[in-house]
Amino acid sequence: EKVMYELFNEPSESDLSLLLTWSTLQRSLIDIIRSVDKKHTIVVSGFGSSIDNLDDIRNLKDIDRNLLYTFHFYAPTLFTHQGANWNSSPMQYLSSPVPFPYNADEMPPKPAEFVDSYNESDYDEYPSVGNVEFLRKELKTAADFATANNVPVYCGEWGVLNRLAAQDDYCYYHKVVREILEEYNIGWTLWAYRDDFSIFNRTGGYAFENNLNVGLLEALDLNIPPGYTSDMPSEIVFFDDVPASFIKPSTYNYDSEMAFDSKYDPCTGEKCIQWVMGGKYASVTFEIWPVADLSEQAFRDYELSFMIRSESAFAAPLTVRFIEYDGDGNTAWRYGVMIDNSMFASDGEWHE
């Protein structure tokens, strides 16, 4: 139910044989898929996945009605790709952020590298295209195509490079484009989750737990994780099928066996930690990295909660403890809570 076929991403002349046009190839691919699968939706696009080339594929509805028509949207390029440095792009020579909408007082000077390059017209035309009205006009092309042909249209890529753009303008652009797409009933997928186009802050890495670009998420009308909407996260998850991204798990096993990805009767989800005790001394350690200060959680009476089950009585108690990273001696390493057979039944059932 959730699988679609997308035939080609941004087909260009360098990707395709000169003996076969994209239009002809796309029709052939549809026929090949339908020979074995008549159920699933096929995602089709105009040449280059350009919004301007949607009209070239309007007749595909005559051969198949289960198609989704996609385009990519990065207009105006001077704003969405400012700071780009791949393929020796002149965009990397912009000295300051390009504003959106256009503001003459805030515009960076035209870099000398723009002259006679493919970006010179992007710069020269920006006063007329760097505004909401232009975005609406461009996206209306896709909406009109959908209405005229009675087909669904989908914006499969859009977004802004996060290297140079000012945060307020960055978020405003996303808000405007998202609202126009939804007004026109056009589904969308943002490019991208991480790296140069990202839902994370420009610096600080890709830790979902503490470095999402909240302003961007608000502009996209997405749900904000609880930890970002108050001064303290509602919970910190160390293990949920897999260790959290900020956790470095390790073990010391003396005649014991341990697996972090056991599928043997997990409490919830698909996996659990399985510990087969052998000798007296063994440990599993969850190291928070980068190092985090949990004193606020301690002062607010946070608790460490986990589920445990045992099929036989403990030969020795299990000690659960926090170990202070800097080791200044203020917290004794032996301080902890001992769990033994008096605290829960060793009946093979999960207990909190």
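Rules behind the numbers
- Residues numbered from 1 in each chain as written.
- Predicted model: local features only at pLDDT ≥ 70, side-chain atom pairs only at ≥ 80, totals over all residues.
- Heavy atoms only, no water.
- Helix = DSSP H or I, 4+ residues; strand = E, 2+ residues; numbered from the N terminus.
- Rg over C-alpha atoms; globule rule 2.2 N^0.38 Å.
- Areas by Shrake-Rupley, 256 points an atom, 1.4 Å probe, with all protein chains shown as cover.
- Lys, Arg positive; Asp, Glu negative; His and termini not counted.
- Charge placed at Lys NZ, Arg CZ, Asp CG, Glu CD.
- Core = buried A, V, L, I, M, F, W, Y, C linked by side-chain atoms within 4.5 Å.
- Buried < 20%, exposed > 50% of the residue type's maximum accessible area, 1.4 Å probe, protein only.
- Contact = heavy atoms within 4.5 Å.
- Expected span 1.5 Å × (residues − 1).
- Bend = angle between axes of the 7 residues up to and from the residue.
- Polar contact = N/O pair within 3.5 Å; in protein donor to acceptor, adjacent residues only side chain to side chain.
- Arc of directions from axis to C-beta.
- Salt bridge = Lys/Arg side-chain N within 4 Å of Asp/Glu carboxyl O.
- Pairing = 2+ DSSP bridges.
- Axes fitted to C-alpha atoms, helices over the stretch in contact; angles between N-to-C directions.
- Phe/Tyr/Trp six-rings, centres within 6.5 Å; stacked < 30°, edge-to-face > 60°.
- Patch = residues over 30% accessible without salt bridge, like charges linked within 9 Å, V, L, I, M, F, W, Y side chains within 5 Å.

Scanning the protein for helices and strands turns up 8 helices and 13 strands. Taken over C-alpha atoms, the radius of gyration comes to 28 Å for the protein, far larger than the 20 Å a tight globule of 352 residues would show. Along the first, second and third principal axes, the C-alpha set of the protein runs to 75 × 60 × 35 Å. In the form shown here, the protein has an accessible surface area of approximately 21100 Å², with 51% of it arising from carbon and sulfur atoms. Taking the average location of the 25 positive side-chain charges in the protein and that of its 56 negative ones, the two points are 6 Å from each other.

In this section: the nonpolar core. Tyr 69, Phe 71 and Phe 73 are the most contacted members of the largest nonpolar core, which totals 63 residues. Excluding residues within four positions of it along the chain, Phe 73 makes contact with Leu 135, Glu 138, Leu 139, Cys 155, Glu 157, Trp 158, Gly 159, Tyr 173 and Val 177.

Right, let's get into helix α4 (residues 132–149). Given a rise of 1.5 Å per residue, 18 residues ought to cover 26 Å, and the 26 Å separating the end C-alpha atoms of α4 matches this to within 8%. At Lys 140, α4 is deflected by roughly 25 degrees, the largest bend along its length. Of all the positions in α4, only Phe 134, Leu 135, Glu 138, Leu 139, Ala 142, Ala 143, Phe 145, Ala 146 and Asn 149 are classed as buried. Looking at the buried residues of α4, the elements they touch are β3 (67–73), α3 (120–129), β4 (153–158) and α5 (167–183). Residue Asn 131 occupies the N-cap position of α4, its side-chain oxygen lying 3.2 Å from the main-chain nitrogen of Glu 133. Asn 150 occupies a position one or two residues after α4 and carries a positive phi of about 55 degrees.

Taking 1.5 Å as the rise per residue, helix α1 (residues 22–34) with 13 residues should run 18 Å; its terminal C-alpha atoms sit 18 Å apart, in good agreement. Within α1 the residues assigned to the buried category are Trp 22, Gln 26, Ile 30, Ile 33 and Arg 34. The buried residues of α1 occupy an angular sector of 105 degrees when projected down its axis, which confines them to one face. On its buried face, α1 sits against β1 (5–6), β2 (42–50) and β3.

We now examine the side chain of Asp 241. Tracing the backbone through its elements, the reader meets Asp 241 in the loop between β6 (239–240) and β7 (242–243). Put simply, Asp 241 is tucked away with no salt bridge, and the nearest opposite charge, on Lys 271, sits 6.8 Å away. Only 2.9 Å separates the side chain of Asp 241 from the backbone nitrogen of Lys 271, close enough to count as a polar contact. Contact partners of Asp 241, with chain neighbours within four places excluded, come to Phe 260, Thr 268, Gly 269, Glu 270 and Lys 271.

Attention shifts here to the sheet that holds β3. If you walk across this open sheet you meet the 5 strands as β1-β2-β3-β4-β5, and the pairing is parallel. The two strands at the open ends of the sheet, each matched to only one other strand, are β1 and β5 (187–188). Of the pairings in the sheet, the one linking β1 to β2 comprises 2 bridges and is parallel in character. When the sheet's bridge partners are listed, Tyr 5 is paired in β2 with Ile 42. Set on the sheet, α1 makes contact with β1, β2 and β3; between it and β2 the angle comes to about 170 degrees. Along the sheet face, α4 touches β3 and β4 and points at about 170 degrees away from the line of β3.

Most of β3 sits inside the fold, with 7 of its 7 residues counted as buried. Here β3 shows two buried faces, one formed by Leu 67, Tyr 69, Phe 71 and Phe 73 and the other by Leu 68, Thr 70 and His 72. Two elements, β2 and β3, share 5 bridges in a ladder whose sense is parallel. Bridging from a neighbouring strand, Ser 50 pairs with His 72 of β3. In terms of strand pairing, β3 meets β4 through 5 bridges, oriented parallel. Paired with Thr 70 across the two strands is Tyr 154, which belongs to β4.

This model, assessed by the stated rule, comprises 14 aromatic pairs. Residues Phe 8 and Trp 22 carry aromatic rings whose centres are separated by 5.7 Å and whose planes lie at 65 degrees to one another, so their mutual orientation is edge-to-face. With Phe 8 in the loop between β1 and α1 and Trp 22 in helix α1, this pair connects stretches of sequence that are 14 residues apart. Judged by its relative accessible area of 26%, Phe 8 is partly exposed. For Trp 22, a relative accessible area of 6% corresponds to the buried category. Relative to Tyr 206, the ring of Phe 200 has its centre 5.5 Å away and its plane inclined at 75 degrees; by these criteria the two rings are edge-to-face. With a relative accessible area of 1%, Phe 200 lands in the buried category.

With that out of the way, let us pick up a nonpolar patch on the surface. Together, Tyr 252, Tyr 254 and Tyr 281 give the surface a local cluster of nonpolar side chains, amounting to about 380 Å² of exposed area. Along the chain, Tyr 252 turns up in strand β8 (residues 247–253). Residue classification places Tyr 252 among the partly exposed positions, given a relative accessible area of 48%.

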